[in-house]
Amino acid sequence: MHYANTYLDKPVVGDLEEAATEGTEKVLHCMLNTGSDIYQGACKKRGSTLKEEYKNASGTCYMDPRDMAALGVKNWDTVLVKTDYGEVVVNAAKSRDAPHKGTVFICKGPWANTVVSHETYCCSDPTYKGVKCTVEKTDRKVLLMADLMRWVYKKYVDETDDDVVENMESLGELPVYKGRKWEDLK
Amino acid sequence: MSYEPPITDYDEIVENCTCAFCGCNCDDLDYLVKDGHVVAVRHACRLGASKIMEDMDQRLIVPMVRGANGELEEVDWDTALDTAAEYIAKSVRPVFYGWSETSTECMKEGIELGEYIGAVLDNQATICHGPSLQAVQNAGYPIQTLGEVKNRADMIVYSGSNAMNSHPRHMGRYSVFPRGYFRQRGRFDRTVVTMDPKFSDTAKMSDKWIGFEQNGDYGFYNAIRAVLKGKKLTQNVVSGIPAEDIYELVEEMKNAEFGVLFFGLGLTHTLSKQRNIDIAIKMVMDLNRFSKWGLTPMRGHFNVNGFNIFMAYETGFAFGVDFSRGYTRYMLGETNTIDLLVRKEPDCFLVIAADPGAHFPNGANQHLADIPVIQIDIHWGPSTELADVVLPGSFIGVECAGTSYRMDGVPIYMKKAIDKPETCRDDEWIVRELKERVMKLREEPNVAPKYVPNPAAE
Ligand code: SF4
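Calculation rules
- All residue numbers here refer to positions counted from 1 along the written sequence of the relevant chain.
- Following the order in which they are written, the chains are lettered starting with A and the ligands numbered starting with 1.
- Predicted model: local features are reported for residues with pLDDT of at least 70 only, side-chain atom pairs are reported and counted for 80 or more only, and whole-chain, interface and lining totals are derived from all residues.
- In this description a helix means any DSSP run of H or I spanning at least four residues, a strand means any run of E spanning at least two, and both kinds are numbered starting from the N terminus.
- Radius of gyration: over C-alpha atoms. The globule rule applied is 2.2 Å multiplied by the number of residues raised to the 0.38 power.
- Three classes are used. A residue is buried when 20 or more other C-beta atoms lie within 10 Å of its own, exposed when 12 or fewer do, and partly exposed in between, with C-beta atoms placed from the backbone.
- We call two residues in contact when the distance between their C-beta atoms, placed using the backbone, is within 7 Å.
- Only the C-beta atom matters for nearness: placed from the backbone, it must lie within 6 Å of the molecule or strand for the residue to count as near.
- For this scheme, ten residues count as nonpolar: Ala, Val, Leu, Ile, Met, Phe, Trp, Tyr, Cys and Pro. Four count as charged, namely Asp, Glu, Lys and Arg, and the remainder, Gly too, count as polar.
- Two strands pair if DSSP finds at least two bridges between them.
- Only the stretch in contact is used when a helix axis is fitted, and all axes are lines through C-alpha atoms; the angle between N-to-C directions ranges over 0 to 180 degrees.
- When an angle is under 35 degrees it counts as roughly parallel; over 145 it counts as roughly antiparallel; between 65 and 115 it counts as roughly perpendicular; any other value is oblique.
- A clockwise turn of the near helix away from the far one marks a right-handed crossing, whereas an anticlockwise turn of less than a right angle marks a left-handed crossing.
- Helix span, expected: 1.5 Å multiplied by one less than the number of residues in the helix.
- Reported domain spans reflect what an automatic or database domain assignment gives.
- A set of buried Ala, Val, Leu, Ile, Met, Phe, Trp, Tyr and Cys residues, joined through C-beta atoms within 7 Å, is what we mean by a nonpolar core.
- Per-residue confidence from the predictor is given as pLDDT, running between 0 and 100.

## Some remarks on the overall build of chain B
Helix and strand counts for chain B stand at 17 helices and 20 strands. What you see for chain B is a C-alpha radius of gyration of 24 Å, in line with the 23 Å of a compact globule of 458 residues. With the C-alpha coordinates aligned to their principal axes, the bounding extent of chain B is approximately 80 × 65 × 35 Å. Within chain B, the proportion of its 458 residues that are buried is 58%. Of the contacts made within chain B by residues no fewer than 6 positions apart, 67% connect residues no fewer than 24 positions apart.

## Brief notes about the overall build of chain A
A count of helices and strands for chain A gives seven helices and six strands. In sequence order, the secondary structure elements of chain A are arranged as β-α-α-β-α-β-β-β-α-β-α-α-α. Taken against the 2.2 N^0.38 rule, which gives 16 Å for 186 residues, the C-alpha radius of gyration of chain A at 18 Å falls within 12% of a compact globule. Oriented by its inertia axes, the alpha-carbon framework of chain A measures out at about 55 × 40 × 35 Å. Looking at chain A as a whole, 50% of its 186 residues qualify as buried. If you take every contact in chain A between residues at least 6 apart in sequence, the share linking residues at least 24 apart comes to 76%.

## Overview of the site of the ligand
Neighbouring the ligand are 13 residues; Cys19(B), Cys22(B), Cys26(B), Gly48(B) and Arg169(B) lie closest to it. Taken together, the residues of the shell around the ligand break down into nine nonpolar, three polar and one charged.

## Observations concerning the sheet that holds strand E4 (residues 86-94) of chain A
All names here are of chain A. A barrel is described by the order of its strands in space; here six strands give the closed sequence E1-E5-E2-E4-E3-E6, paired in mixed fashion. Direction aside, the axes of adjacent strands within the sheet are offset by 45° on average. Sheet topology note: the strand E1 (residues 27-35)/strand E6 (residues 129-137) ladder contains seven bridges and is antiparallel. Within the sheet, the bridge partner assigned to His 29 lies in E6 and is Thr 134.

## Looking at the environment of Ser48(A)
Its place among the elements puts Ser48(A) in the loop between helix H1 (38-46) and helix H2 (52-58). Exposure remark for Ser48(A): the 25 C-beta atoms within 10 Å place this residue in the buried category. Sequence-wise, Ser48(A) and Thr138(A) are 90 residues apart; in three dimensions their C-alpha atoms are separated by 27 Å. Apart from the residues lying within four places of it in its own chain, the contact partners of Ser48(A) are Cys43(A), Glu53(A), Tyr54(A), Asp55(B) and Gln58(B).

## Description of the packing of helix H9 (residues 217-228) of chain B against helix H12 (residues 273-287) of chain B
All names here are of chain B. The interhelical angle for the contact between H9 and H12, taken along N-to-C directions, is 20°, at an axis separation of 9 Å. Put simply, H9 runs roughly parallel to H12. Judged by the twist between their axes, the crossing of H9 over H12 is left-handed. Taking contact as the criterion, the partners of Asp 217, Tyr 218, Tyr 221, Asn 222, Ile 224, Arg 225 and Leu 228 in H9 are, on H12, Arg 275, Asn 276, Ile 279, Ala 280, Lys 282, Met 283, Asp 286 and Leu 287.

## A short note on the interface of chain A and chain B
The partner chain B presents 75 residues to the 61 residues of chain A that form the contact. Among the elements of the structure, E1, H1, helix H4 (110-113), E6, helix H5 (145-153) and helix H7 (181-185) of chain A are those that each provide at least two residues to the side of chain A that touches chain B. For the side of chain A that touches chain B, the leading source of residues is H1(A), giving six residues. When the residues that make up the side of chain A that touches chain B are grouped by side-chain class, the tally is 26 nonpolar, 22 polar and 13 charged.

## Quick look at the sheet that holds strand E3 (residues 37-42) of chain B
All names here are of chain B. Taken in spatial order, the three strands line up as E1-E2-E3 in an open sheet, and their pairing is antiparallel. Looking at strand neighbours, the two that pair on one side only are strand E1 (12-17) and E3, the edges of this open sheet. Strand-to-strand twist of the sheet, defined as the mean angle between neighbouring strand axes without regard to direction, takes the value 30°. Pairing of E1 with strand E2 (residues 29-34) involves four bridges; the strand directions are antiparallel. Each bridged residue has a counterpart across the sheet, and for Val 14 the counterpart in E2 is Tyr 31.

## Overview of helix H17 (residues 427-441) of chain B
Residue and element names in this part refer to chain B. The terminal C-alpha atoms of H17, which comprises 15 residues, lie 21 Å apart, in line with the 21 Å expected from a rise of 1.5 Å per residue. Taken together, the buried positions of H17 are occupied by Asp 427, Glu 428, Ile 430, Val 431, Glu 433, Leu 434, Lys 435, Arg 437 and Val 438. Contacts from the buried residues of H17 go to helix H2 (77-90), helix H3 (104-117), strand E16 (348-352), strand E17 (373-377) and strand E18 (389-392).

## So, the domain arrangement of chain B
Domain annotation of chain B identifies domain 1 (59-127 + 302-396 + 421-441) and domain 2 (130-297). The centre of domain 1 of chain B, based on its C-alpha atoms, is set 35 Å off from the matching centre of domain 2 of chain B.

## Observations concerning the nonpolar core
Cys61(A), Ala84(B) and Ala280(B) are the most contacted members of the largest nonpolar core, which has 188 residues in total. Composition of this core by domain shows at least three residues from each of domain 1 (59-127 + 302-396 + 421-441) and domain 2 (130-297) of chain B. In contact with Ala84(B), other than residues within four places in its own chain, are Ile374(B), Val389(B), Leu391(B) and Leu434(B).

## Regarding unusual backbone geometry
The phi angle of most residues is negative, glycine excepted, and most peptide bonds adopt the trans form. Looking along the chain, the bond that leaves Ala98(A) and enters Pro99(A) is cis, with omega of 5°. The residue Pro99(A) is located in the loop between E4 and strand E5 (103-107) in this model. Positive phi, normally seen in glycine, also occurs at Tyr121(A), with a value near 50°. Tracing the sequence through the fold places Tyr121(A) in the loop between H4 and E6. Its identity as a non-glycine residue notwithstanding, Ala353(B) has a phi of 50°, on the positive side. For Ala353(B), the location among the structural elements is in the loop between E16 and helix H15 (356-359).

## Brief notes about the pairing of E3(B)
Residues and elements named next belong to chain B. In this sheet, E3 lies alongside E2 in antiparallel orientation, the contact comprising five bridges. Along E3, the bridge assignment pairs Val 33 with Val 38. Joining the antiparallel neighbours E2 and E3 is a turn of two residues, in which Asp 35 adopts a positive phi near 50°.

## Concerning the confidence of the model for chain B
Chain-level statistics for chain B give a pLDDT mean of 91 and a share of 99% at 70 or above. If you check the scores for this complex, the pTM reads 0.91 and the ipTM reads 0.90.

Spelled out as structure tokens, the structure:
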């Protein structure tokens, strides 16, 4: 059957003007904002959360090109974002809303959740925007959604060591469950 | 992006369907249906179209229960519902969270169950427009419908909202581009201002971009209010905006015939939270001394407003309603999901038509790893990775009819277009079944003990 296509491998981002160099800084101190954008929204609500597409739409840190040059990262390199509340490995990409030097943006999703503040200051709403963070270049891979959930919450693994869970065999891009009926039904 | 040829191979067109994505609730969509599947959608934006033509790989079809080894196993409906009902019946502090992507009819069943068992009922407002609802209680609610905006408004302000990304047809269908009765030339008759620290996609389409500093919203609105009251600004720059620009903006706002402020999560998620909205509402009140102004929160899900209206009508409180004492209670920072989870209070979590796995901060979600989680949803999402019982629901507005409330509080009946997968059930049916099963397991409802004013005297 021919469906109208709403899938997109990766969000569309602009090219960087300068070729990436070594970079001048090891660690950048930035302000972290989270929120939604159209790529994340479309992918999440379609239900494609296990897919590579969601990883790229949601697990991406949008940066000002000057900050990217300072760190020496290109589009779709990986960076490690750390805050007082946790750390996460995400892709780096040039922001469509630049210039905003010193501010980085990660779309809402399991990746952003690990670094935002749960502090509500008695107002019901956690602090999703304006969290201080550091950004550094890394060789670690961005985890797929299922692997990330396993790494962060460890609800159904006995292992407690972060590094071991991070390097476990991937759960992949399709649901993992026991049964057959589902397949027959499709 | 490559060129997509139009879809020509379809059996029928279902007209005037309502989009079940954002608070715009566009009710002019046409679905092209073939073999019981929606193969293309006309009129919807990228968001709406992608949700309606869902990803069948991840569609939840059969109920599942987590087995002893931690793997989800397919079971029949009876087993799944009994397991879930047992978790709920045994719990002391259950939280029923979600409701924003299901019908108001389903909420009705939910509130009965919640009241019977003494649960906390909360929805996504708690993590998005909760501060707006508090501010509305503090300062008032000068709202207008989107139809009025279309026909009358000549000045549109977006503050802390990137409508082009989160409500893509908002500008096109209601606020900026459409021709209205008093705005015959559409876009040319309107001035559009975007206030956002980022030069967002919405800012790129506006006449004016006001890029105040991060967390500078509160100061900025105060400055506008001061100028509106005829005061002189003593600083040259307020929140990163030069004083002259503020004077100019205020003049424009005063001279508008009908202005509307749309505000989004940019205001509610920064440090001053509900105080930002307080001051925005008061600014709108001040503006009404000169001209007609109104405001509308840009609600995210298509029925997030519905839950708030429904709860306020039924219980007197809009969200975070706690039935644990046998009567309704609402206390900010106490009966809201995030606070409850951070304090590790709940011992059972029912999530319906929501995704805490994707949207709650880690610090809150950690507690979900320790307690039973029951999920009612249509897709396998981050929350499924934390769920112990999974109950597949149906898709409101596509596979099942229901009522929802638009961001401006207009109720819209969403019709059914295609049949749901055979083994799925309607959300309303699932919650009703749960309710009946829980009532069997726990015979006594949760009611407040009789009030005795002075026990010693009795
Ligand atoms: S603007 Fe919102 S309601 Fe309208 S089609 Fe897009 S997602 Fe659906």
